[in-house]
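# Understanding the architecture of this molecule
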Amino acid sequence: MRVHVADHPLIAHKLTYLRDKRTDTPTFRRLADELVTLLAYEATREVRVTPFDIETPVGPTTGIHLATPKPLVVPILRAGLGMLDGMMRMLPTAEVGFLGMVRNEETLEAHTYTNRLPDDLSNRQCYVLDPMLATGGTLAAAVHFLAERGAHDITAITLLSAPEGIERLERELAEVAAPVTLVTGAIDERLNEHGYIVPGLGDAGDRLYGIV
Ligand SMILES: O=P(O)(O)OC[C@H]1O[C@H](OP(=O)(O)OP(=O)(O)O)[C@H](O)[C@@H]1O
Ligand SMILES: O=c1cc[nH]c(=O)[nH]1
Ligand SMILES: [Mg+2]
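No experiment lies behind these values; they were computed from the predicted model shown. (Residues numbered from 1 in each chain as written. Chains lettered and ligands numbered in written order. Predicted model: local features only at pLDDT ≥ 70, side-chain atom pairs only at ≥ 80, totals over all residues.)

With their axes 10 Å apart at the nearest point, helix H1 (residues 9–19) and helix H2 (residues 25–43) run at an angle of 155 degrees to one another. With respect to H2, the element H1 is oriented roughly antiparallel. Once H1 is placed against H2, the crossing between them reads as left-handed. Together, Leu10, Ile11, Lys14, Leu15, Tyr17 and Leu18 of H1 and Phe28, Leu31, Ala32, Glu34, Leu35 and Leu38 of H2 make up the contact between the two elements. Of the residues in the contact of H1 with H2, the class split is 10 nonpolar, no polar and two charged. (Axes fitted to C-alpha atoms, helices over the stretch in contact; angles between N-to-C directions. Helix = DSSP H or I, 4+ residues; strand = E, 2+ residues; numbered from the N terminus. Parallel < 35°, antiparallel > 145°, perpendicular 65-115°, else oblique. Left-handed = near helix turned anticlockwise from the far one by under 90°. Contact = placed C-beta atoms within 7 Å. Nonpolar A, V, L, I, M, F, W, Y, C, P; charged D, E, K, R; others polar.)

Here we come to the site of ligand 2. Contacts to ligand 2 come from Ala79, Met132, Ala134, Gly195, Tyr196, Ile197, Gly200, Asp203, Ala204 and Gly205. Its residues placed into classes, the shell around ligand 2 shows six nonpolar, three polar and one charged. (Near = placed C-beta within 6 Å.)

To continue, consider the site of ligand 1. Around ligand 1, a shell composed of 22 residues is seen, among which Arg78, Arg103, Thr135, Thr138 and Gly205 lie nearest. Of all the secondary structure elements, the ones that give two or more residues to the shell around ligand 1 are strand S6 (98–103), strand S9 (132–133), helix H4 (137–148) and helix H6 (204–209). For the shell around ligand 1, the element with the highest residue contribution is S6, accounting for three residues. A class-by-class count of the residues in the shell around ligand 1 yields 11 nonpolar, seven polar and four charged.

Membership of the largest hydrophobic core comes to 49 residues, with the highest contact counts inside it found for Val36, Cys126, Tyr127, Val128, Leu129 and Ile157. At eight residues, H2 tops the list of elements feeding residues into this core. (Core = buried A, V, L, I, M, F, W, Y, C linked by C-beta atoms within 7 Å. Buried ≥ 20, exposed ≤ 12 C-beta atoms within 10 Å, placed from the backbone.)

Per the UniProt record, "binding site: uracil" (unreviewed entry) is found at Ile197, Gly202, Asp203 and Ala204. As for its placement among the helices and strands, Gly202 is situated in the loop between strand S13 (197–198) and H6. You can call Gly202 partly exposed: it has 15 C-beta atoms within 10 Å. Setting aside chain neighbours within four positions, we find Gly202 in contact with Lys21 and Arg207. (UniProt positions renumbered as here; feature names shortened; annotations may be inferred.)

This part covers unusual backbone geometry. Here the residue pair Thr68 and Pro69 is connected by a cis peptide bond, since its omega of 0 degrees sits within 30 degrees of zero. If you trace the backbone, Pro69 turns up in the loop between strand S3 (60–66) and strand S4 (72–77). Backbone torsion omega between Val198 and Pro199 reads 0 degrees, so that peptide bond is classified as cis. Tracing the backbone shows Pro199 in the loop between S13 and H6. Even without being a glycine, Leu108 presents a positive backbone phi close to 65 degrees. Relative to the elements of secondary structure, Leu108 occurs in the loop between S6 and strand S7 (110–116).

Turning next to H4. One full turn of an α-helix is made of 3.6 residues, so residues set three or four places apart face in the same direction. With 12 residues, H4 extends 17 Å between its outermost C-alpha atoms, agreeing within 8% with the 16 Å of an ideal straight helix rising 1.5 Å per residue. Turning to H4, its buried residues are Gly137, Thr138, Leu139, Ala140, Ala142, Val143 and Leu146. Downstream of H4 by one or two residues, Gly150 has phi in the positive range, about 95 degrees. (Expected span 1.5 Å × (residues − 1).)

Within S3, only zero of the seven residues are buried, which leaves the element largely exposed. The hairpin turn running from strand S2 (residues 49–55) into S3, its antiparallel successor, is four residues long. (Pairing = 2+ DSSP bridges.)

Before going further, it helps to spend a moment on the environment of Met1. Among the secondary structure elements, Met1 is positioned in the segment before strand S1 (2–5). Judged by local crowding, Met1 falls into the partly exposed class, with 18 C-beta atoms found within 10 Å. Not counting chain neighbours up to four residues away, the residues in contact with Met1 comprise Leu169, Glu170, Leu173, Val180 and Leu182.

By the bridge criterion, four bridges tie S1 to strand S11 (residues 180–187) in an arrangement that is parallel. Directly across from Arg2, in S11, lies its bridge partner Thr181.

Here is the structure:
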């Protein structure tokens, strides 16, 4: 797995306010939205494009647009929805598939409760959105889900990641044919005994949407 930490002062600045427990929900949503646009810049470096000819007011030139089939953006419900608008602003013609997953807070195992995805992902660049990579159970299951549908070009974008989750993905995805790239805003210190990222930002879904 390729891991890219988007080390940039603007990202660190926005993450600081996202982490702060005094940050209210509307501000948290705005920061998550802004952060994903910055991370998308890094994550889409290898997005497939097609050249095409245009005329500027001064003369002809060749530009590019997104290749067909369009990239597929996959937010992991619920918290990943907080990253969707920001990502779609960067890739307006992308398509969106949905994966609903929730972690059992006792066992820390991920459970998939819904999906709405194309059956065949063999020729699609997939961008998975989830703010938190903690134990890695959710993201590992998501990648397996996409790989079973033929995906072999998967980039995961997270706002924060734990070293334990990255190690788990390295281990569990070694046998998945899909090369996975992780783009993250920061790698934090560790997980606590409840599987929360330390220092982290708390429960991303609750901070975005407030309903437990
Ligand atoms: O790496 P893991 O240990 O699997 O944990 C990370 C998952 O936990 C959070 O979702 P949660 O299960 O709280 O669901 P929610 O988005 O509906 O709040 C987060 O958004 C990830 O999906
Ligand atoms: O720190 C964590 C871990 C899992 N899920 C979250 O929302 N936050
Ligand atoms: Mg949650």
